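Residue-level structure breakdown
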Amino acid sequence: KLLIKPNDGSNQLKDNQILHEHTPNLTWKESKWLRALTKMSIVCKGILTADDAKLALEYGANGIVVSNHDGRQVDTGLPAIECLKDIVDFVNGRCEIFIDSGIRTGTDILKCLALGAKGVLIGRPILYGLACGGNKGVEAVLNLLQRDLMFDMASCSLTKIEQINERILYKYQQ
């Protein structure tokens with residue numbers, strides 16, 4: 001049996017309770033219900049396949065976040081960046097595509113934008129900055145990422161975000 005607090009039998013959890021807590025309870029049916037309630041944009045996070053992107057579009061998503069939740073859910077899952085291009089190609093402009101999971105450097109941002117993401121979500125580095133320096137730490141992280149991205153863009157002879165495209169990526173061809 002698993003314990004939440006050591007030496008406290010009152011908080012013992014059964015295996016099936018733990019499985020239930022980590023099993024998604026939301027289905028695409030709830031997405032349809034949510035769409036009926038609001039005219040606000042709905043963005044679906046955790047999309048890693050074209051099949052899931054198709055469902056997100058069918059159920060009214062205005063945006064998609066390609067994400068493996070930074071590997072916290074299934075640490076051997078596909079990296080989000082490896083799924084990005086297939087989803088961008090499938091969606092073909094029908095909604096905005098964003099990405100998170102593993103964004104740590106300006107080079108990561110550049111690659112994601114080159115593969116077609118409209119933008120990137122930066123989680124863990126922001127939290128590290130916040131933990132280490134409060135709002136000044138967050139500002140320092142964002143400034144570092146911006147400088148890193150600008151340097152990487154300059155290395156590719158780019159001066160504007162709009163110039164970033166897939167041609168800057170190296171692909172080995174036999």
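Up top is the structure.
Residues numbered from 1 in each chain as written. Predicted model: local features only at pLDDT ≥ 70, side-chain atom pairs only at ≥ 80, totals over all residues. Heavy atoms only, no water.

1. Some points on the overall build of the chain
For the chain, the count of helices and strands is six helices and six strands. In the chain, the order of α-helices and β-strands from amino to carboxyl end is β-β-α-α-β-α-β-α-β-α-β-α. Out of the 174 residues in the chain, the part that is buried amounts to 29%. Pairs at least 24 apart in sequence give 47% of the contacts found in the chain among residues at least 6 apart. (Helix = DSSP H or I, 4+ residues; strand = E, 2+ residues; numbered from the N terminus. Buried < 20%, exposed > 50% of the residue type's maximum accessible area, 1.4 Å probe, protein only. Contact = heavy atoms within 4.5 Å.)

2. Observations regarding the sheet that holds strand 6 (residues 119-120)
One open sheet accounts for four strands, arranged 3-4-5-6; its pairing is parallel. Strands at the two margins of the open sheet, each flanked by one partner only, are strand 3 (43-47) and strand 6. In this sheet, strand 6 lies alongside strand 5 (residues 96-99) in parallel orientation, the contact comprising two bridges. In the sheet register, Phe 98 faces strand 6, and the bridge partner there is Gly 119. On top of the sheet, helix 3 (residues 50-58) reaches strand 3 and strand 4 (63-66); it is set at about 165° to strand 3, its chief contact. (Pairing = 2+ DSSP bridges. Axes fitted to C-alpha atoms, helices over the stretch in contact; angles between N-to-C directions.)

3. Quick word on the packing of helix 5 (residues 106-114) against helix 6 (residues 124-155)
Look at helix 5 against helix 6: their axes get within 7 Å of each other, and the N-to-C directions meet at 60°. Relative to helix 6, the element helix 5 is oriented oblique. The interaxial crossing formed by helix 5 with helix 6 has right-handed handedness. Contacts between helix 5 and helix 6 involve Gly 106, Thr 107, Ile 109 and Leu 110 from the former and Leu 145, Asp 148, Leu 149, Asp 152 and Met 153 from the latter. Of the residues in the contact of helix 5 with helix 6, the class split is five nonpolar, two polar and two charged. (Parallel < 35°, antiparallel > 145°, perpendicular 65-115°, else oblique. Left-handed = near helix turned anticlockwise from the far one by under 90°. Nonpolar A, V, L, I, M, F, W, Y, C, P; charged D, E, K, R; others polar.)

4. Considering the nonpolar core
Ile 64, Val 66, Leu 84, Ile 87, Val 91 and Ile 97 are the most contacted members of the largest nonpolar core, which has 33 residues in total. Excluding residues within four positions of it along the chain, Ile 87 makes contact with Ile 47, Leu 48, Thr 49, Ala 50, Ala 53, Val 66 and Ile 97. (Core = buried A, V, L, I, M, F, W, Y, C linked by side-chain atoms within 4.5 Å.)

5. Things to note about the side chain of Ser 101
Structurally, the position occupied by Ser 101 is in the loop between strand 5 and helix 5. Polar contacts involving the side chain of Ser 101 include one to the side chain of Asn 68, which spans 3.0 Å. (Polar contact = N/O pair within 3.5 Å; in protein donor to acceptor, adjacent residues only side chain to side chain.)

6. A short note on helix 4 (residues 80-91)
Its 12 residues place the ends of helix 4 16 Å apart at the C-alpha level, agreeing with the 16 Å of an ideal helix rising 1.5 Å per residue. What helix 4 keeps buried is the set Ala 80, Cys 83, Leu 84, Ile 87, Val 88 and Val 91. What you see down the axis of helix 4 is that its buried residues fit within an arc of 140°, all on one side. Of the exposed residues in helix 4, the ones pointing more than 90 degrees away from its buried face are Glu 82 and Asp 86. Along its buried surface, helix 4 packs onto strand 3, helix 3, strand 4, strand 5 and helix 5. Phi turns positive one or two residues past the end of helix 4, at Asn 92, with a value near 50°. (Expected span 1.5 Å × (residues − 1). Arc of directions from axis to C-beta.)

Shape is all these values report; function is a separate question.
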